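Chain and residue survey
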Amino acid sequence: MKYGLSLICALVFTVVAGLSTAIAEGKFDNAIKARKAVMSLYAWNLGQLAAMAKGEVDYNPEAARIAAENITVLATMNNGAAWPQGSDSAALPGQTRAKSEAWTTYPESAEINKTLAEAAIAMSEVADTGLENIQANIGAIGGACSACHKKFRESE
Ligand code: HEC
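We now turn to the structure provided with this report. (Residues numbered from 1 in each chain as written. Predicted model: local features only at pLDDT ≥ 70, side-chain atom pairs only at ≥ 80, totals over all residues. Heavy atoms only, no water.)

Describing the packing of helix α3 (residues 61–76) against helix α5 (residues 108–126)
At a closest axis distance of 8 Å, the pairing of α3 and α5 adopts a crossing angle of 155°. One element, α3, and the other, α5, form an angle in the roughly antiparallel class. Every pair of crossing elements has a handedness; the one defined by α3 and α5 is left-handed. Contacts from Arg65, Ala68, Glu69, Ile71, Thr72, Ala75 and Thr76 in α3 reach Asn113, Leu116, Ala117, Ala120, Ile121, Met123 and Ser124 in α5. Taken together, the residues that form the contact of α3 with α5 break down as 8 nonpolar, 4 polar and 2 charged. (Axes fitted to C-alpha atoms, helices over the stretch in contact; angles between N-to-C directions. Helix = DSSP H or I, 4+ residues; strand = E, 2+ residues; numbered from the N terminus. Parallel < 35°, antiparallel > 145°, perpendicular 65-115°, else oblique. Left-handed = near helix turned anticlockwise from the far one by under 90°. Contact = heavy atoms within 4.5 Å. Nonpolar A, V, L, I, M, F, W, Y, C, P; charged D, E, K, R; others polar.)

Encoded structure:
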């Protein structure tokens, strides 16, 4: 009887502990999903400009301008809420690649983001005025992406 009771207690404890772990793990799921979505949209739009710059697809002034403007919108949006404290790769390995340095060295990441926004604005202004202008400006955008990834994103 005594043994049975402690077994039940142990089981209840295990279930409760398991539940609270699951809740803690789920707390940042949507924030992480949201910031990864922003990154995917960056890659999607930059990919279109890169394909034109490399001659993989024909230059389309209208499509180029739209892609550049989309990157500008993304880079000037305030997405701070998608980067809550504690949602770094040390706390949540496997779920996110955002290094804790993004928080501990803040506002360094915001500065890089500002550089990206400026490069995207510059691209928006010239994207529909000639392929050579895309080729001349795309390095500054890609460079800002890479600068941030090098510092604040875990390699895969
Ligand atoms: C201010 C820093 C910063 C800038 C600027 C930035 N990124 Fe990222 N990026 C990150 C971080 C941090 C992650 C990891 C996010 C995570 O796993 O939670 C990431 C992840 C990604 C991912 C993977 C998304 C996924 O689904 O896991 C892609 C793709 C990406 N970035 C593309 C880009 C492109 C393209 C640009 C430039 C147009 C860019 N990023 C600019 C910091 C940045």
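There is more to say after this.
Section: the site of the ligand
Neighbouring the ligand are 17 residues, the closest being Met39, Thr96, Cys145, Cys148 and His149. The separation between an oxygen atom of the ligand and a polar side-chain atom of Thr96 is 2.6 Å. Take Arg97: an N or O atom from its main chain is 2.8 Å from an oxygen atom of the ligand. When contributions to the shell around the ligand are tallied by element, the ones reaching two or more residues are α2 (29–53), α5 and α6 (131–152). (Near = heavy atom within 4 Å. Polar contact = N/O pair within 3.5 Å; in protein donor to acceptor, adjacent residues only side chain to side chain.)

Concerning the packing of aromatic side chains
Across all of its chains, the model carries 1 aromatic pair by this definition. Ring centres 6.2 Å apart and planes at 50° place the aromatic pair Trp83 and Trp103 in the tilted group. One end of the pair, Trp83, is in the loop between α3 and α4 (101–104); the other, Trp103, is in helix α4, with 20 residues separating them in the sequence. Among the residues examined, Trp83 registers a relative accessible area of 31% and is labelled partly exposed. Relative accessible area serves as the criterion here: at 15%, Trp103 is assigned to the buried category. (Phe/Tyr/Trp six-rings, centres within 6.5 Å; stacked < 30°, edge-to-face > 60°. Buried < 20%, exposed > 50% of the residue type's maximum accessible area, 1.4 Å probe, protein only.)

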